[in-house]
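# Architecture at a glance
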Amino acid sequence: DTGVSQNPRHKITKRGQNVTFRCDPISEHNRLYWYRQTLGQGPEFLTYFQNEAQLEKSRLLSDRFSAERPKGSFSTLEIQRTEQGDSAMYLCASSFYRDYYTGELFFGEGSRLTVL
Amino acid sequence: KNQVEQSPQSLIILEGKNCTLQCNYTVSPFSNLRWYKQDTGRGPVSLTIMTFSENTKSNGRYTATLDADTKQSSLHITASQLSDSASYICVVSRGVFDDMRFGAGTRLTVKP
């Protein structure tokens, strides 16, 4: 399977626990994005990487959130001290970016987080 | 304000009928506009991408139109099928930095 892969697909955790999500993008894609999506809403931008550099972070990304993309390959999104408001679908997407244009954006299936 | 507004919020149609979904945007400067289909619990899948110079783009039974002057786009679905039941999301990219803005989506239900 050469698509964008996200793990785990579902995570149920208790408030205050830390969780980590992993995203494996399409191999030749240099850009990787993280979005959060709640029921009935479109995806909300969290952060993105070009290769290993994190170029932008949304104000939605509080200090409890951290994302990394070591070596410009897979990425992890960690949420510390989870709160019930963090319950959402976390989507990862990747694309090939060149000349100020983002090619087709391929999304993973998402990681659904439920905080009890 | 760099917003993307979609209408209607939800739509129910009978199988075989056509429908049109709307996307109005205030994003500026405009770079490109994309339509995605998202099945429940799945990630969005790209349907079309249109740049400033493109007025129409088709992908099978899906046809997207773009009027960059009025900042409006539509997605027309022909001869709907049950599998078309999904959310359809409009995404507008802004300017040189290709900053993408997502609409909230239109939830389409196709009934037999």
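The coordinates are above.
Just so it is clear, the model here is predicted, and its values are computed rather than measured. (Residues numbered from 1 in each chain as written. Chains lettered and ligands numbered in written order. Predicted model: local features only at pLDDT ≥ 70, side-chain atom pairs only at ≥ 80, totals over all residues. Heavy atoms only, no water.)

Okay, the overall build of chain B next. Of regular secondary structure, chain B possesses zero helices and 11 strands. Its helices and strands taken in sequence order, chain B reads β-β-β-β-β-β-β-β-β-β-β from the N to the C terminus. Rg of the C-alpha trace for chain B: 13 Å, near the compact-globule value of 13 Å for 112 residues, within the 12% margin. Referenced to the eigenvectors of the C-alpha coordinate spread, the extents of chain B come out at roughly 45 × 25 × 20 Å. A burial count over chain B gives 47% of its 112 residues as buried. When contacts within chain B are restricted to residue pairs at least 6 apart in sequence, those whose partners lie at least 24 apart make up 56%. Between the mean site of the 12 positive side-chain charges and the mean site of the 9 negative ones, chain B shows a separation of 5 Å. (Helix = DSSP H or I, 4+ residues; strand = E, 2+ residues; numbered from the N terminus. Rg over C-alpha atoms; globule rule 2.2 N^0.38 Å. Buried < 20%, exposed > 50% of the residue type's maximum accessible area, 1.4 Å probe, protein only. Contact = heavy atoms within 4.5 Å. Lys, Arg positive; Asp, Glu negative; His and termini not counted. Charge placed at Lys NZ, Arg CZ, Asp CG, Glu CD.)

The figure often quoted for interface size is the accessible area lost as the parts come together. Listed per partner, the contact involves 21 residues of chain A and 18 residues of chain B. Taking both sides of the interface into account, the surface hidden between chain A and chain B amounts to around 1,600 Å²; carbon and sulfur atoms contribute 51%. Summed over the shared surface of chain A and chain B, the number is one salt bridge. We note a salt bridge from B:Arg42 to A:Glu109, for which the minimum N-O separation is 2.8 Å. Linking chain A with chain B are three residue pairs in polar contact (both at pLDDT 80 or more). Elements with a minimum of two residues in the side of chain A that touches chain B: strand 4 (31-37), strand 9 (88-95) and strand 11 (101-102) of chain A. The element that contributes the greatest number of residues to the side of chain A that touches chain B is strand 4 of chain A, accounting for four residues. (Buried area = accessible area lost by both parts, 1.4 Å probe. Salt bridge = Lys/Arg side-chain N within 4 Å of Asp/Glu carboxyl O. Polar contact = N/O pair within 3.5 Å; in protein donor to acceptor, adjacent residues only side chain to side chain.)

Below, the discussion takes up the pattern of salt bridges. Here the structure, examined in full by the defined rule, presents seven salt bridges over all chains. A salt bridge links A:Arg64 to A:Glu83, with the shortest nitrogen-to-oxygen separation between them at 3.4 Å. Of this pair, A:Arg64 sits in the loop between strand 6 (53-57) and strand 7 (65-68) while A:Glu83 sits in the loop between strand 8 (75-79) and strand 9, and the two are 19 residues apart along the sequence. For A:Arg64, a relative accessible area of 11% translates into the label buried. Residue classification places A:Glu83 among the partly exposed residues on the basis of a relative accessible area of 39%. Of the charged contacts, one joins B:Glu54 and B:Lys57 as a salt bridge, the two residues approaching to 3.1 Å between their closest N and O atoms. Salt bridges linked by common partners bring A:Arg64, A:Glu83 and A:Asp86 together as one network.

Within this structure, the stated rule accounts for two disulfides over all chains. One disulfide in the model links A:Cys23 with A:Cys92; its S-S distance is 1.9 Å. In this structure the cystine formed by A:Cys23 and A:Cys92 twists about its S-S bond by roughly -70 degrees; its chirality is therefore left-handed. Of this pair, A:Cys23 sits in strand 3 (residues 19-24) while A:Cys92 sits in strand 9, and the two are 69 residues apart along the sequence. Accessibility assignment for this pair places A:Cys23 and A:Cys92 in one class, buried. One disulfide bridge connects B:Cys23 with B:Cys90, the sulfur atoms lying 2.0 Å from each other. Taking the sign of the S-S torsion, about -65 degrees here, the bridge from B:Cys23 to B:Cys90 comes out left-handed. Taken as a pair, B:Cys23 in strand 3 (residues 19-25) and B:Cys90 in strand 9 (residues 86-94) lie far apart in primary sequence, 67 residues in all. B:Cys23 sits in the buried class, given a relative accessible area of 0%. B:Cys19 takes part in no disulfide bond, and the closest cysteine sulfur to it belongs to B:Cys23, at a distance of 15 Å. (Disulfide = S-S within 2.5 Å.)

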